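This is what each chain is made of:
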Amino acid sequence: MKKISFLLFMLTFACTTVFAQLTKDQLVAEWTRAKAYTKAYLDAMPADGYTFKATPEVRSFAGQMLHLADDNYFFLNKVSDKPSPLGKGVSLEKTVEQNKEATTKAVLDSYDYAIGAIQGMTDSQFSQEVALGKLKTTRGLLLAKGFEHQTHHRGQSTIYLRLKGVTPPPEMLF
């Protein structure tokens, strides 16, 4: 079991390290693809499913997507130093109306911010060290963590679609 855990850890590390070493143009392409994939999820959910919760203890579908958007702003602000248009301490999850139109706009705007922030960076900036609280890492690796975060929450929303009787969009790896 220890060998399997170690192997999974090393594989995860290798994948995020490779992601952190992509060029700026490749990163822009990946975030653009992620935006299109997330939009497909937003489009697939019927309007009456945006307030749907899989169980009472979890976020609604809109809450999942708005949380994803909040952290797009958070991670890309830390990676790029580009000021977030949300302002300090503002949460989309708590301020945006949880309906299809408002949620879709807020989420897609977060991707536009992320893509614009990456476009405003130089390739060499991705290897620069940045602090996140007590954690010190590179901008590129932190960007990889942000990408992983949005992928995680988009993946969680698959269950919401299935529970509403909707087939999730096909995978968009390329």
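Shown above is the structure to which this text applies.
### A word on the overall build of the chain
Scanning the chain from N- to C-terminus turns up six helices and two strands. Sequence-ordered secondary structure for the chain, helices as α and strands as β, is α-α-α-α-α-β-β-α. Per-residue burial over the chain gives 40% buried out of 174 residues. Counted over contacts in the chain with a minimum sequence separation of 6, partners at least 24 positions apart contribute 74%. Put simply, the chain shows about 9700 Å² of open surface, and 61% of that area lies on carbon and sulfur atoms.

### Focus: the packing of aromatic side chains
Under the counting rule described, the total for this entry stands at eight aromatic pairs. For the ring pair Trp 31 and Phe 147, a centre distance of 5.3 Å and an interplane angle of 80° mean the geometry is edge-to-face. Here Phe 147 lies in helix α6 (residues 139-163) and Trp 31 lies in helix α2 (residues 24-44), a separation of 116 residues in the sequence. Owing to a relative accessible area of 11%, Phe 147 belongs among the buried residues under this scheme. Ring geometry for Phe 74 against Phe 75: centres 5.4 Å apart, planes inclined by 75°, an arrangement best described as edge-to-face. A connected cluster of aromatic rings, assembled from ring pairs, spans Tyr 50, Phe 52, Phe 61 and Tyr 160.

### Focus on the pattern of salt bridges
When charged atoms on two side chains of opposite charge get close, those side chains can pair. Tallied over the full model, the rule gives seven salt bridges. In this structure, Glu 30 engages Arg 33 in a salt bridge whose closest nitrogen and oxygen atoms are separated by 2.5 Å. Taken together, the residues Glu 30 and Arg 33, both in helix α2 and three residues apart, mark about one turn of the helix. The exposure class of Glu 30 is partly exposed, given its relative accessible area of 24%. For Lys 105, the salt bridge goes to Asp 109, with nearest N and O atoms at 2.6 Å. Of the two residues, Lys 105 and Asp 109 are both situated in helix α5 (residues 100-119); the distance of four residues between them amounts to about one turn of the helix. Looking at Asp 109, the relative accessible area reads 30%, which means it is partly exposed.

### Re the layout of surface pockets
A volume near 350 Å³ is recorded for the largest pocket. Around the largest pocket sit 13 residues that line it, and Phe 74, Gly 87, Lys 88, Gly 89 and Val 90 are the ones nearest its centre. Of the residues belonging to the lining of the largest pocket, the class tally is four nonpolar, five polar and four charged.

### A short note on the pairing of strand β1 (residues 129-132)
With four bridges joining them, β1 and strand β2 (residues 135-138) adopt antiparallel strand pairing. Considered in β2, the bridge of Ala 131 is made with Lys 136. Where β1 folds back onto β2 in an antiparallel hairpin, the turn is made up of two residues, including Gly 133, whose phi is positive at roughly 65°.

### Digging into the side chain of Gln 150
Among the secondary structure elements, Gln 150 is positioned in helix α6. A distance of 2.9 Å separates a polar atom in the side chain of Gln 150 from a polar atom in the side chain of Thr 151.

### Details of the nonpolar core
Among the nonpolar cores identified, the biggest contains 40 residues, and Trp 31, Leu 76, Leu 92, Val 107, Ile 118 and Leu 143 are the most heavily contacted of them. When residues in this core are grouped by element, the largest group, ten residues, is from helix α3 (residues 61-80). Look past the residues within four positions of Ile 118 in its chain and what remains in contact with it is Lys 24, Leu 27, Val 28, Trp 31, Leu 76, Phe 126 and Leu 143.

Calculation rules
- Residues numbered from 1 in each chain as written.
- Predicted model: local features only at pLDDT ≥ 70, side-chain atom pairs only at ≥ 80, totals over all residues.
- Heavy atoms only, no water.
- Helix = DSSP H or I, 4+ residues; strand = E, 2+ residues; numbered from the N terminus.
- Buried < 20%, exposed > 50% of the residue type's maximum accessible area, 1.4 Å probe, protein only.
- Contact = heavy atoms within 4.5 Å.
- Areas by Shrake-Rupley, 256 points an atom, 1.4 Å probe, with all protein chains shown as cover.
- Phe/Tyr/Trp six-rings, centres within 6.5 Å; stacked < 30°, edge-to-face > 60°.
- Salt bridge = Lys/Arg side-chain N within 4 Å of Asp/Glu carboxyl O.
- 1 Å grid on protein atoms, 1.4 Å probe; cavity = no way out; pocket = protein on both sides within 12 Å on 5 of 7 lines; lining within 4 Å.
- Points joined across faces, edges and corners; volume = space filled by probe spheres on them.
- Nonpolar A, V, L, I, M, F, W, Y, C, P; charged D, E, K, R; others polar.
- Pairing = 2+ DSSP bridges.
- Polar contact = N/O pair within 3.5 Å; in protein donor to acceptor, adjacent residues only side chain to side chain.
- Core = buried A, V, L, I, M, F, W, Y, C linked by side-chain atoms within 4.5 Å.

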